[in-house]
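If you want the building blocks of each chain, they are given just below.
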Amino acid sequence: MPYRIAFSHTAPPSVLAGIIAYNSAHCFAGTATQSGKGARAERTADMSITYLLKRVGLFVLVVWLGVTINFFLPRLAPGDPIQEYLGQLAQAGMFVGDPSAGFVEEYRAKFGLDKPLWEQYINYWIDVSQFNFGLSVVDYPVEVTRVISAALPWTLGLLSIATMIGFFLGTLLGALMVAAPGKWKRLLDWSVPIVMIVHSIPYFLLGIMLIALFAVTWAFFPVGSGYTLGESPEFSIKGLFTLAKHAFLPALSLVAVAAGGWAIVMRSMMVIVQGEDYVQMSRAMGLKSWRVFYSYQVRNALLPQITFLALSLGFIVSGSALVEVVFSYPGIGYTLVNAITVKDLPLLQLILLVVIVVVTLFLVLLDIVYPILDPRIRHETE
Amino acid sequence: MTLQGSSSEIPELSLTRRFFRLLSGNFLLLLGLLMLAGVVSFTVLGYLFVDLELARLNSAPISQPPSLEHWFGTDAVGRSILALLVIGTPKTLFIGLLAGICGITIGTCLGFFAGYVRGWADTFIRIISDVLFVIPILFLLVFIIEYFPVGAVWIMGIVIGVLSWMGTARTVRAQVLTLRERAFINMARASGAGTWRIIFVELMPNLTSYLAASFVQAVSGGILFSIGLEVLGLGPANSQTLGWSIWWANDYGAVLRGFWWWWGSPVVMIVIIFLGLFLTSLGLDRVANPRLRGSS
Amino acid sequence: MTTGNGAPVLQVKNLTVEYETPRGKLRAADNVSFELWPGQRFGLVGESGSGKTTTALALMRLTQLPGRIVDGEVLLEGVDLLGLSENRMREMRLAQISYVPQGAMNSLNPVMKIGNQIANGFKDHNTNIGRSDISDRIVEVLQSVGLDPAVSGMYPHELSGGMKQRVAIAIAVSLGPKVIIADEPTSALDVVVQREVMLTLRRLQEEIDAAVLIVGHDMGLMAQFASHIGVMYAGRLVEIGQVIDMFDDPLHPYTRALIASLPSTSRRHRLSGIPGLPPALLELPAGCSFNPRCESVMDICRSTDPDLDQIREGRFASCHLYTGAEVGA
């Protein structure tokens, strides 16, 4: 889904840097104010509890808002999911029972769609609190929680590994592009245009190209799906190999594009950091070059990257739709697109909830971790 | 020590002269604009010389590789890929432009407002943007577009724009916060200039190159959004944009059947558009941020 | 120039730094030559863009592209720094020749505790200090600049500007260097703190008997701190001499104008500025660079560039007013 890439895709570095500079960890926190004078280290300890409570409170608020919007949006959309569902089944030549209104009403009652909206809302919350999210319309009568738990491991496995690899490769490349010693730097200068070209290709299009090349023209890899069709994954060396073979091309398309993005942002952060007085100072102190590189340049340039890493990990669940559709990978994204096209309400709602919870969770996690990485933030909380 | 001296006169250059001077030192910007100009002239020439009737179903032989007659080949439902590209490219660009204009306008206004007024306005705008940020826009898009099922290319553009102003708003706010602390703003305030005067006369010129870069970025984000939706088969159906070309190709298994010209042509066109936009935004960014010019 | 005893600790000969710009090469430092003696405090003064910071950085070989040191020698106790390998030069920095930076606010790594930043200096040089002794040394060094040892566990943003500059000085003296280069060390501080920091620097410099090259634009502040002054204009050193001597009898018309522009309590006169603007380095006037602004300009000044000659004992100036008056260089 374009959401994740739309964020880092073609944003010029300093636009990102601008966002970062003022919103870095503070997706929710207030304006940064540089504390002026004096030592205030002692206050950090008792501040951290209110800080934590605030974060968690905001988490609850966002989840509530999310669930509510999530509840209303599908219901406001035109079109009747039951009618559509029956129509689809009928089109497929299935027996749908007596197509009289009574049958439709029966389905309506089954999904609770016949009650007034406020009652549906309350019931929805009761169900949410009991982890009872209802039965899927598409896979009737399978519980949506089971549909999701079958799809989730595929997405988490593929996306989290691809995101982390992309992050490490890209960040390292971006850092070296600026700070690599002499001859290596000249070599890396050549990589800049290549990285830029790859990065400006939307990853799902890159995926199509990869399939055409490495699955069709040269059949090194399977054209799609997560495992050999008709089989379920087994935990053996052969099983893992099959898994890896199926995940390779989708992962490659994600890594190649994402690494380019990380590299470009990291590179411009490195350029900015390189002009900082403390880097000049570290050289004037005659520190070893790896220390200047790691502890002074990378350590500081990395801070905004961490923010974006948390965001992209948060968007893993929702960010997978396109790549999964292109590779017919049996994850959440694939399920999501099916749910949208069929208007499978219960399934849609659960996916949305998972997405919102995961995103918010990562943002809260970021808010908790970031002050450890950047001591300046600790003092800006109040 | 004090210095007294006449301020040296900087000769006023005409707008076009300044534009070309900007380009000559900025290879990225030049290349990016050239690529975009290429895309636009492809469309214009196409509308002049290509038979667009060939974009109808069954108006051409099916699944032909590129030939002298059909330069980009034909698809499995008997359409000329060239005609589809000529029709699809401006539609896709249009969605992007519309999304960019909406997004940048809303984002700039809200960003200025938040950054200049601060206090409650800032908090309010930030909460809205955070909520929009967390809730996947795809869902909102799908449901909003459901209301306007027919021929809604322009609605798609506006909707994407309305839902993607957050980045711009944050950036502009950040810039305004920095700029308002600078000396010349204080000077303006001390000399009794009104709020709006400060915004438009003092702040705006400082932000223009910056906004230009954000605009290009917003256009590219809008195009990406729309193509993503279309490839998923969502959004206004059959609007013959580049994204839908890819959806058709994917739906008919063009990749698996080896019809490289079918999926390849729109992909190449999209990549050129994105690369052009990306280079342009990088180039503009370099104008806005002299610090980045250093190592290139 | 004669002060002190024995041999000069730092000799700079014909140091030239060029910057590559889109509109051509410019010489930010042009043929700069001077000597530093042990214990001496040498002030390098000039307007912004006169090449003083460029010179200071070039002495440590910290010139960054597009700038390049194109000519000259920097002899530290007879060893030419410009000829050393990059790693040998790295070892010289801090241990032999150290640097107090200009921007007090940003010269410390924001994400590293002060103690660790000082420790890095010890770790990366061949000192005889064991790892376990480093923390003791950090306490010593912090105390020597008048800071509480607790500062060691703090981050830069928890310190005031003056405290940060003290930390910078602590780092600079931590390995007992022979030469300290201070680049406008107090420019970001308020006047009271400025004085304290300068006094700290002076006290420590005397303790370890290091020579200090201090760069600044404030002739008044320099007069209080430095023992000798070099005046730079448009990338060139135009006059060198002892402070008192120079204030009593400035030779170069530019120095004269600089001193005249200082407010004074003993003399009553109208504050005067220097007419005109410093020249753009890409469009230097022919002959002496100062000739368009000079009160005593002569015909020769518009065609021939004067050399920096010894005018009398301990006094050097590059001005045609004194051509022929020199005492053999």
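Predicted model, so just to flag it, every value in this text is computed and none were measured.

### Focus: the overall build of chain A
Counting secondary structure elements, chain A contains 16 helices and zero strands. Within chain A, buried positions represent 47% of all 382 residues. Looking at chain A alone, contacts between residues at least 24 apart form 76% of all its contacts between residues at least 6 apart.

### What to know about helix 11 (residues 277-284) of chain A
Taking burial as the measure, the eight residues of helix 11 of chain A include six buried ones, the bulk of the element. Along its buried surface, helix 11 of chain A packs onto helix 10 (237-274) and helix 12 (289-314) of chain A together with strand 6 (97-100) of chain C. Gly 286 of chain A sits one or two residues past helix 11 of chain A and shows a positive phi near 65 degrees.

### Some thoughts on the environment of Asp 299 of chain C
All names here are of chain C. Inspection of the secondary structure assignment puts Asp 299 in the loop between strand 11 (274-275) and strand 12 (309-312). Looking at Asp 299, the number of C-beta atoms within 10 Å reads 10, which means it is exposed. Considered as a pair, Asp 299 and Gly 287 are 12 residues apart in the sequence and their alpha carbons are 9.6 Å apart.

### Regarding the packing of helix 2 (residues 27-49) of chain B against helix 3 (residues 81-117) of chain B
Packed helix pairs are specified by the crossing angle of their axes together with the interaxial distance, meaning the distance between the axes. Residues and elements named next belong to chain B. Interaxial distance between helix 2 and helix 3 falls to 9 Å at its minimum, and their mutual angle equals 130 degrees. In terms of axis orientation, helix 2 runs oblique to helix 3. Crossing angle aside, the handedness with which helix 2 passes helix 3 is left-handed. Residue-level inspection shows Val 39, Phe 42, Thr 43, Gly 46 and Tyr 47 of helix 2 in contact with helix 3, the latter providing Val 86, Thr 89 and Pro 90. Split by residue class, the contact of helix 2 with helix 3 holds five nonpolar, three polar and no charged.

### Concerning the nonpolar core
Among the nonpolar cores identified, the biggest contains 257 residues, and Ile 351 of chain A together with Val 179, Ile 181 and Leu 213 of chain C are the most heavily contacted of them. Take this core: its biggest share by element is 19 residues, from helix 10 of chain A. Not counting the four nearest positions on each side in its chain, Val 179 of chain C is found in contact with Val 9, Leu 10, Leu 36, Leu 76, Ile 97, Ala 210, Ala 211 and Leu 213 of chain C.

### Notes on the environment of Leu 53 of chain A
All names here are of chain A. Within the secondary structure, Leu 53 sits in helix 3 (residues 43-76). With 10 C-beta atoms counted inside 10 Å, the residue Leu 53 sits in the exposed group. A C-alpha to C-alpha distance of 51 Å links Leu 53 and Ala 215, two positions 162 residues apart in sequence.

### A word on the packing of helix 11 of chain A against helix 12 of chain A
All names here are of chain A. In contact at an axis separation of 10 Å, helix 11 and helix 12 are set at 160 degrees when each is read in the N-to-C sense. Considered as vectors, helix 11 and helix 12 are oriented roughly antiparallel to each other. Here helix 11 and helix 12 pass one another in a crossing that is right-handed. Touching Tyr 278, Val 279, Ser 282 and Arg 283 of helix 11 are Val 292, Tyr 296 and Gln 297, all from helix 12. Classifying every residue of the contact of helix 11 with helix 12 by side-chain character gives four nonpolar, two polar and one charged.

### Let's talk about the sheet that holds strand 3 (residues 41-45) of chain C
All names here are of chain C. Ordered by their spatial adjacency, eight strands build an open sheet running 6-7-8-3-9-10-13-12, and the pairing between neighbours is mixed. In this open sheet, the two strands that pair with only one neighbour each are strand 6 and strand 12. Averaged over all neighbouring strand pairs, the angle between strand axes comes to 25 degrees, with direction disregarded. Here strand 6 pairs with strand 7 (residues 179-183) via four bridges, running parallel. Among the inter-strand pairings, Tyr 99 is bridged to a residue of strand 7, identified as Ile 181. Docked against the sheet, helix 9 (residues 253-260) engages strand 9 (228-233) and strand 10 (236-242), running at close to 110 degrees with respect to strand 9.

### Points about the sheet that holds strand 2 (residues 24-36) of chain C
All names here are of chain C. The sheet built from four strands is open, its strands ordered 2-1-4-5 with antiparallel pairing. Each having just a single partner strand, strand 2 and strand 5 (79-80) make up the two edges of the open sheet. Alignment of strand 4 (residues 67-76) against strand 5, held across two bridges, turns out to be antiparallel. Opposite Leu 75, over in strand 5, you have Asp 80 as the bridge partner.

### Brief notes about unusual backbone geometry
Residues and elements named next belong to chain C. Positive phi, close to 50 degrees, is recorded for Glu 77, a residue that is not glycine. Its 13 C-beta neighbours within 10 Å are what place Glu 77 among the partly exposed residues. Positive phi, normally seen in glycine, also occurs at Leu 94, with a value near 70 degrees.

### Brief notes about the pairing of strand 10 of chain C
All names here are of chain C. The buried count for strand 10 comes to six of seven residues, which makes it a mostly enclosed element. Counted between consecutive antiparallel strands, the loop separating strand 9 from strand 10 contains two residues, among which Ala 234 sits at a positive phi close to 50 degrees. Where strand 10 meets strand 13 (residues 315-317), two bridges bridge the pair, whose relative direction is antiparallel. Of the residues in strand 13, the one forming a bridge with Ile 240 is Phe 316.

### Topic: the pairing of strand 4 of chain C
Residue and element names in this part refer to chain C. In this structure, strand 1 (residues 10-21) lies alongside strand 4, joined through eight bridges in antiparallel fashion. Across the sheet, residue Gln 11 finds its bridge partner in strand 4, namely Leu 75. Between strand 4 and strand 5, which pair antiparallel one after the other, the connecting turn spans two residues, and Glu 77 there sits at a positive phi close to 50 degrees.

### Re helix 3 (residues 114-123) of chain C
Among the 10 residues that make up helix 3 of chain C, seven are buried, leaving the element largely enclosed by the rest of the structure. Looking only at helix 3 of chain C, the buried set comprises Ile 114, Gly 115, Gln 117, Ile 118, Ala 119, Asn 120 and Gly 121 of chain C. The inward-facing, buried residues of helix 3 of chain C abut helix 12 of chain A together with helix 4 (131-144) and helix 5 (161-173) of chain C.

### Let's talk about the confidence of the model for chain B
Residue and element names in this part refer to chain B. Overall, the prediction assigns chain B a mean pLDDT of 77, with 73% of residues at 70 or greater. Between residues 1-11, whose pLDDT stays under 50, and residues either more than four places distant or in other chains, the model counts 16 contacts. The ipTM assigned to the predicted complex is 0.82, against a pTM of 0.77.

### Focus on the confidence of the model for chain A
All names here are of chain A. Mean pLDDT for chain A: 73, with 74% of residues reaching 70 or above. Considering each helix and strand of chain A separately, the mean pLDDT is smallest for helix 1 (residues 2-8), with a value of 32, and largest for helix 7 (residues 144-179), with 87. Here residues 1-46 scores under 50 on pLDDT; set against residues more than four positions off or in separate chains, the count is 112 contacts.

Cut-off values and rules
Residues numbered from 1 in each chain as written. Chains lettered and ligands numbered in written order. Predicted model: local features only at pLDDT ≥ 70, side-chain atom pairs only at ≥ 80, totals over all residues. Helix = DSSP H or I, 4+ residues; strand = E, 2+ residues; numbered from the N terminus. Buried ≥ 20, exposed ≤ 12 C-beta atoms within 10 Å, placed from the backbone. Contact = placed C-beta atoms within 7 Å. Axes fitted to C-alpha atoms, helices over the stretch in contact; angles between N-to-C directions. Parallel < 35°, antiparallel > 145°, perpendicular 65-115°, else oblique. Left-handed = near helix turned anticlockwise from the far one by under 90°. Nonpolar A, V, L, I, M, F, W, Y, C, P; charged D, E, K, R; others polar. Core = buried A, V, L, I, M, F, W, Y, C linked by C-beta atoms within 7 Å. Pairing = 2+ DSSP bridges. pLDDT = per-residue confidence, 0-100.

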